[in-house]
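Below, each chain spelled out in residue letters.
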Amino acid sequence: LRFKAEDGNAHAQYLYARRLLEDDDPEEAEHWLKQSGAKGNHLAMHMLYKCYRDGKIKDREGEKMRYLLMAVNKEYGFAEYEYSKILAKTKSVMALEYMRQASRHGCPMAEYAIGKYFLERGGTEDALPELERAASKYTWARFYLGLLYFYKLVQLKNLNQFCSPQPRKNCF
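The model shown is predicted, which means the values in this text are computed figures rather than measured ones. (Residues numbered from 1 in each chain as written. Predicted model: local features only at pLDDT ≥ 70, side-chain atom pairs only at ≥ 80, totals over all residues. Heavy atoms only, no water.)

Trainee: I keep staring at the packing of aromatic side chains and nothing clicks. Help me out?
Mentor: Pairs of aromatic rings are described using the distance from one ring centre to the other and the angle between the two planes. Considering all chains together, one arrives at seven aromatic pairs under this definition. Residues Tyr-52 and Tyr-67 carry aromatic rings whose centres are separated by 6.3 Å and whose planes lie at 45° to one another, so their mutual orientation is tilted. Here the residue Tyr-52 occupies a position in helix α4 (residues 42–54), and Tyr-67 occupies one in helix α5 (residues 64–73), the gap between them amounting to 15 residues. There is no split in this pair, since Tyr-52 and Tyr-67 are both buried. When the ring centre of Tyr-67 is taken as reference, the NZ or CZ atom of Arg-66 above it lies at 4.8 Å. (Phe/Tyr/Trp six-rings, centres within 6.5 Å; stacked < 30°, edge-to-face > 60°. Helix = DSSP H or I, 4+ residues; strand = E, 2+ residues; numbered from the N terminus. Buried < 20%, exposed > 50% of the residue type's maximum accessible area, 1.4 Å probe, protein only. Lys NZ or Arg CZ within 6 Å of the ring centre and 35° of its normal.)

Trainee: Sorry if this is basic, but what is going on with the side chain of Ser-36 here?
Mentor: As for its placement among the helices and strands, Ser-36 is situated in helix α3 (residues 26–38). Under the relative-accessibility criterion, Ser-36 is labelled buried at 0%. Excluding residues that lie within four positions of it along the chain, Ser-36 makes contacts with Ala-10, Gln-13, Tyr-14, Asn-41 and Ala-44. (Contact = heavy atoms within 4.5 Å.)

Trainee: Looking at this structure, how should I read the pattern of salt bridges?
Mentor: Where side chains of opposite charge bring their charged atoms close, a pairing between them can arise. Tallied over the full model, the rule gives twelve salt bridges. Notably, a salt bridge pairs Lys-34 with Glu-63, separated by 2.9 Å at the nearest N-O pair. Of this pair, Lys-34 sits in helix α3 while Glu-63 sits in the loop between α4 and α5; the two residues are 29 residues apart in sequence, bridging distant segments of the chain. By relative accessible area, which is 9% here, Glu-63 ends up buried. (Salt bridge = Lys/Arg side-chain N within 4 Å of Asp/Glu carboxyl O.)

Trainee: It is not clear to me how a negative patch on the surface should be interpreted in this structure. Could you clarify?
Mentor: Side chains of Glu-22, Asp-23, Asp-24 and Glu-27 sit close together on the surface and give a patch of like negative charge. Tracing the backbone shows Glu-22 in helix α2 (residues 10–22). (Patch = residues over 30% accessible without salt bridge, like charges linked within 9 Å, V, L, I, M, F, W, Y side chains within 5 Å. Areas by Shrake-Rupley, 256 points an atom, 1.4 Å probe, with all protein chains shown as cover. Lys, Arg positive; Asp, Glu negative; His and termini not counted. Charge placed at Lys NZ, Arg CZ, Asp CG, Glu CD.)

Trainee: In this structure, what is going on with the nonpolar core? I would like to understand it.
Mentor: Most often, soluble globular proteins keep nonpolar side chains buried together rather than apart. Grouped together as the largest cluster of nonpolar side chains are 26 residues, with contacts concentrated most on Trp-32, Leu-33, Leu-48, Leu-68, Val-72, Ala-79 and Tyr-83. Looking at this core, the elements with two or more residues in it are α2, α3, α4, α5, α6 (77–89) and α7 (94–104). The dominant element in this core, judged by the number of residues it contributes, is α4, at seven residues. Not counting the four nearest positions on each side in its chain, Leu-33 is found in contact with Tyr-14, Ala-17, Leu-21, Ala-44, Met-47 and Leu-48. By size, the runner-up hydrophobic cluster in this structure holds 18 residues, among which are Met-99, Tyr-112, Ala-127 and Leu-145. (Core = buried A, V, L, I, M, F, W, Y, C linked by side-chain atoms within 4.5 Å.)

Spelled out as structure tokens, the structure:
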């Protein structure tokens, strides 16, 4: 793997950097992640951001946001999701747009978050497709979708009891 990384293979550089992180060599990992990111590898860009964010690699040059935005510009859904969460903290109107973009690019956490957003605002029909998409890849969304189906069925059952055309028997 190291030889392929040294030969300039961007994906091998990314994988080698991950291995170095597991072996607790963050400085060398940073070097290979930057090499891979410079070749356009969105996974390396996002990994660098996460390493800076989590303190695995010291953000000496204030590059954390630079690498996140590089991954966002590559339309990497997980980076777009992360960026939308940062924007939401600042109450930016762009937060939902980046969340939707992350969802379109296949990020299950974004699909779940959008579904939950709609659901909390009473938009069950808008929430359902987002949660169904997320449930195929994300366990928590599967659980939440199960709750939605359960409560939706309970509501329908209760509605049918009151709207039933059959006469009710006297309870006395």
